Each structure stands twice: as C-alpha cells, then as structure tokens.
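# Structural overview for review
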Amino acid sequence: MHYGCAIAERMQRTSKSKQAGTAMSRKNHFLAWCNRIGAIAAGTAEPDLQVRNFILACYAISLVNGETLLSRKVRYGTLKNYMSAATKCHTDLGLPSPRSAPVDYVKIVLEAVRKYELVPDRREMIHDSMFDHMLTLYRKYHQMDPDCLVVCLCEWLFLGRYTGCRREEWCNESGDEYKRIDDPEWGDRPDARSLIIDDFAFFDERGAPVPLIRPTWRRPLSELPENISYVEVCFRKQKNNDNYQKIPYSRTSKNPLLCPVRAAFRIACRGLRLGAPRTHPAAIYWDSRKDTFRLITCTQTNAFLRKVASKTFNIHPDCKSLQKWSTHSIRVTAANLLHRARFSDTYIKNRLRWKSDSFMMYLRNTFYTAKDHASALDLVLSPHTPTDVRPL
C-alpha cells in the first residue's frame, strides 16, 4: 500500500494536479457565494441565461472587492480564471455557458478591470469598506485621545470625501515646519500653503455667521452645535491659481461621524484649543511624547491609508500594490463619490475645483463604473437581481 501513497504524494506535487485543485476550489467558492447571497446557482430550474450571466457578473464584482479564497483583491488574469471556473459549474452540467447570453455583463466588468490596470501610476480611491474600518478606529481612539494622530487623520479624510483636497492644500512634508507660498506678489496675506484655521467659516441655517467662541472650542470632546448647518472652506492658494475660492458644504445627519461640517468644526476647534495661531496650518495633532502639537505629514497619511487598506483587503504589508493608496487618493475618492451619485461631469469639475478634464480618467476606469454600467443595462433587460450583493 505504501507504493500507492508515494504515487499519490507525487501527484499532489505536480503543477497539473495543483491547477485542478485550484479550479475545483474556485468552483466551490462560486457555489458557496451563490448560496450565501441566495442567488440562483448552476443546476437549478432557472432557465434564463441572461439572469445567470448577471449573477456571474455580480460574483466578479465581489471578487474585485476582495471576496476571494484568500480574501484578497485580485488582478485581471486571476479574475478571468475565477470566471472560467464559475462558468464550468454550468457547462459541466450540460447547461449553456452564461457568457453566451445576449448581453455579457461579465465582459463589461473584465474590460473595466483590464483598462484600470493599464492606467499608469494610478491611485486607488478610498473604498467604502476602508471608511468603515476608519470609523471603527475613530470610535476607539476618540474617547482615549481626541487629538491623537489617528483621530486627526480620520477627520481630515472624512472631510476630504467632500472637498477633494490636494495634498499641498492640507498636509505638509515636515511635522515641524510648514510649506509657505512662494509668490513675491502674495504680499502680507497668510503665507501657509495649506489650509489654515481662518480658512474655515461656519454658518447657521439662514446663512448667518456662527463664530467659534471659547466655551465651544476649549472642550476636547465637544460635538457640532445644533445651530451650525454649513461650513465654508476658503482655498486661498490653488494649483490652478484660482485663489481664494470659497466653497460651502452642508451638514449631514445620515452618518454624523462622516459629516464634513462636523469634521471641519473639530479641526478648527482643535487648532484653537492646542494654541495654534489662526494663520497656522489647521492639519495638526497632539504629540504626547514631545508634549506639543505637530503638523500632519504626507508620509503619515500614506502610511495610515496603506495600513487601513492592508487590514481591509487582507493585503500583505510588504505588497507593492499598497503604494496605490496615497494622499492623492483623497481627490480620486471625492470625484468618484460624486460620479456614483450621478452628478454631471461639469458639476464634478466645478465642485472639486478642476479647470481641465483630467479628472475624467478617475471616473472611467474604476470598478464602480463597471457596476453602474451593468446596472444600467439591467434596467433595460430586467433580469431578477440579487438585492443583497455588497457594492464595491
């Protein structure tokens, strides 16, 4: 009998055997996914080929979102192999391939992934699941130290979902010295390159100014007062030289911690409470080791985003793909959130302070766009859709 064991052991080592095992695991993964979401899997009485194709496309979106065997995001080549394995779940039973449906939703998703990977030096957006993880961290650290780096970073990233701040508009290269505006014609105006405390102005529902009085900002855990409904952010110095542009943002109650007005309020109050001059950059935190406030840096922001991405998508900390998340991801995120909300390109361009159409690249090569494309065609053909598929 031990002779047979040696043969079996050798077979397990062959690449062909490993490939077959991987393909079988992917088949089982697809069937388990269908069962989990209550979708129609292969072998059932469902005859609609278009429905089965749509379900397969939803499965592709879940894989792109990291719901794989190893709970990691996959690249185009691996995604195609997952789709092949899932398709064989149908063809092995003598059913026609879902890919032969009149409209191939899977092709739409695969093409979006392929094009996205071809974009040079692209930056990932901050995905919804990453913000969920940030909210968990925020709740944990906020009660412990409301002025620590994690809390301060979260609040700037929450605000960035709306403002789409460029890197130089809020953080600095050094924690001890901020970048100054290098313009001989700037005169005696505040010379900090990034947003300063005075760049934030608050208003009530009628549009009347609401000043930040000392009893309000001196409390570390003070929440957004009921009478504040808007914040107006003044972008004194911009890359496109459209300087001193003021953009208002409204209070939101759907998720109070992500509210831009709350984030701006806490940022401005923190600067005053920690003793920073009103013309000093507002992106600061309290360094308990040095017993002083310090500037938030680009390096700290990049490291934080990559750590969140690593935890969220189960990506190894040393993986090069984490480099796709950086301070520029904030701007990419803001553009895509507006695009997902069906705002026009003109609105996005104006709201996020672009003068050119360069932002279009961020909108045309994301997985959210692929999902929207599939959904739009779904409205025409109206197959039965699984309602609880998690959005990317």
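What this report covers is the structure whose coordinates are included nearby. (Residues numbered from 1 in each chain as written. Predicted model: local features only at pLDDT ≥ 70, side-chain atom pairs only at ≥ 80, totals over all residues. Heavy atoms only, no water.)

## Things to note about empty space enclosed by the protein
On inspection of all chains with the given rule, the structure shows 2 cavities of 30 Å³ or more. Considered as a void within the structure, the second largest cavity measures approximately 40 Å³ in volume. Lining the second largest cavity are E169, A192, R193, S194, L195, D199, C234, F235, R236 and K237. Looking at side-chain class alone, the lining of the second largest cavity contains 4 nonpolar, 1 polar and 5 charged residues. (1 Å grid on protein atoms, 1.4 Å probe; cavity = no way out; pocket = protein on both sides within 12 Å on 5 of 7 lines; lining within 4 Å. Points joined across faces, edges and corners; volume = space filled by probe spheres on them. Nonpolar A, V, L, I, M, F, W, Y, C, P; charged D, E, K, R; others polar.)

## Here's the deal with the side chain of R161
Residue placement: R161 occurs in helix α7 (residues 149–163). There is no salt bridge for the buried R161, and the closest opposite charge comes from D128, which lies 5.4 Å off by N-O distance. In this structure, R161 is in contact with F131, L258, A334 and L337, ignoring residues within four places of it in sequence. (Helix = DSSP H or I, 4+ residues; strand = E, 2+ residues; numbered from the N terminus. Buried < 20%, exposed > 50% of the residue type's maximum accessible area, 1.4 Å probe, protein only. Lys, Arg positive; Asp, Glu negative; His and termini not counted. Salt bridge = Lys/Arg side-chain N within 4 Å of Asp/Glu carboxyl O. Contact = heavy atoms within 4.5 Å.)

## Structural notes on the packing of α7 against helix α10 (residues 298–313)
Where α7 contacts α10, the axes come no closer than 11 Å and their chain directions differ by 85°. In terms of their interaxial angle, α7 and α10 are classed as roughly perpendicular. Here α7 contributes L149, V150, L153, C154 and L157 to the contact with α10, which in turn contributes Q300, T301, F304 and L305. Residue composition of the contact of α7 with α10, by class: 7 nonpolar, 2 polar and no charged. (Axes fitted to C-alpha atoms, helices over the stretch in contact; angles between N-to-C directions. Parallel < 35°, antiparallel > 145°, perpendicular 65-115°, else oblique.)

## Considerations on the nonpolar core
Formed by 65 residues in total, the largest nonpolar core has its most connected members in M134, W156, F158, W170, F200 and F202. Where this core is concerned, the elements lending two or more residues are α6 (128–144), α7, β1 (200–203), β2 (230–235), β3 (245–250), α9 (260–273), β4 (284–287) and α10. By size, the runner-up hydrophobic cluster in this structure holds 28 residues, among which are L56, A60, Y105 and V109. (Core = buried A, V, L, I, M, F, W, Y, C linked by side-chain atoms within 4.5 Å.)

## Points about the packing of aromatic side chains
Under the criterion given, the structure shown has 11 aromatic pairs. Centroid distance W186 to Y244: 5.9 Å. Interplanar angle 25°. Geometry classified as stacked. With a gap of 58 residues between them, W186 in the loop between α7 and β1 and Y244 in the loop between β2 and β3 connect regions that are remote in the sequence. Among the aromatic residues, those joined into a ring-pair cluster are F30, W33 and Y59. The aromatic ring of Y82 is capped on one face by R26, whose charged end is 4.7 Å from the ring centroid. Over the aromatic face of F235 sits the side chain of R353, whose NZ or CZ is 3.7 Å from the ring centroid. (Phe/Tyr/Trp six-rings, centres within 6.5 Å; stacked < 30°, edge-to-face > 60°. Lys NZ or Arg CZ within 6 Å of the ring centre and 35° of its normal.)

## Thoughts on the state of the cysteines
A complete count under the given rule lists 0 disulfides for this structure. Cysteine C154 shares no disulfide, and the gap to the nearest cysteine sulfur, in C148, comes to 8.4 Å. Residue C154 is classed as buried on the basis of its relative accessible area, which comes to 0%. Counting only cysteine sulfurs, C171 is the nearest neighbor of C298, a cysteine outside any disulfide, at a range of 3.5 Å. (Disulfide = S-S within 2.5 Å.)

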